[in-house]
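Given next are the chains, with one letter for each unit.
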Amino acid sequence: MLCLSMATTDTQRGRPMPLAEGDAACMRLVIEKTRAAIETGNWPFGACVARAGQPLAVAHNLVLETLDPTAHAEIVAIRQACGQLGSTDLTGCEIYTSSAPCPMCFSAIYWSGIRRIVYGAHAADYGVLGFEEFAVPPEIMAEIGGIPMEIEAGFMRDENRALFDHYLSKYGKVF
């Protein structure tokens, strides 16, 4: 079952609230972390794992820094959140990402127990960076796999796409 909603539930008050009100702070952390990554020569991707609106981990892509092709922002944030909680079970958490998670990251999100993804730029958007071979939207992966996942697509999309332009203007190259 795939749920694409534009509202979430305020667990403190038990009532629906607008997506922007409940999630903008976490996405701003992602954007800030991604900008910092760009300044240090890392690729322009960031992620935040939160529980009940409280960030547990905010990370950026570390592939170039660590020479680890699995060190995508989502994977790094999941690892950090698991460390914070002392568990591999992130049930009840949500993940915010600067762009649509790739298949590897989507799988890690699923296996960690996270069932809510909020992402900014679409898979097609990061094609300007040279990443086109894995442009499979998480909505399609959830549908094909029959995975119950709440996915908020394109949240603060323009701000997240601007990170790609910033990267390109700074380094003048694609991957």
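Computed from a predicted structure; not experimentally measured.

Parameters and conventions
- Residues numbered from 1 in each chain as written.
- Predicted model: local features only at pLDDT ≥ 70, side-chain atom pairs only at ≥ 80, totals over all residues.
- Heavy atoms only, no water.
- Helix = DSSP H or I, 4+ residues; strand = E, 2+ residues; numbered from the N terminus.
- Buried < 20%, exposed > 50% of the residue type's maximum accessible area, 1.4 Å probe, protein only.
- Expected span 1.5 Å × (residues − 1).
- Contact = heavy atoms within 4.5 Å.
- Axes fitted to C-alpha atoms, helices over the stretch in contact; angles between N-to-C directions.
- Parallel < 35°, antiparallel > 145°, perpendicular 65-115°, else oblique.
- Left-handed = near helix turned anticlockwise from the far one by under 90°.
- Nonpolar A, V, L, I, M, F, W, Y, C, P; charged D, E, K, R; others polar.

A. Highlighting the environment of S87. Its location among the elements puts S87 in the loop between helix 3 (73-85) and strand 6 (93-99). Relative accessible area serves as the criterion here: at 29%, S87 is assigned to the partly exposed category. Distance in space between the C-alpha atoms of S87 and S112 is 9.4 Å, their sequence separation being 25 residues.

B. Representation of helix 3 in the model. Between its terminal C-alpha atoms helix 3 stretches 18 Å, which fits the 18 Å expected from 13 residues at 1.5 Å a residue. Within the sequence span of helix 3, burial applies to A73, E74, I75, V76, A77, I78, A81 and C82. Taken together, the buried residues of helix 3 touch strand 4 (46-51), strand 5 (54-60), strand 6 and helix 4 (103-112).

C. Molecular detail of the packing of helix 3 against helix 4. Contact pair helix 3 / helix 4: the axes reach a minimum separation of 9 Å and the direction vectors enclose 20°. Taken together, helix 3 and helix 4 sit at an angle that is classed as roughly parallel. The element helix 3 and its partner helix 4 pack so that their crossing is left-handed. Within the contact between the two elements, helix 3 uses E74, I75 and I78 and helix 4 uses M104, C105, A108, I109 and S112. Class assignment of the residues belonging to the contact of helix 3 with helix 4 gives a composition of six nonpolar, one polar and one charged.

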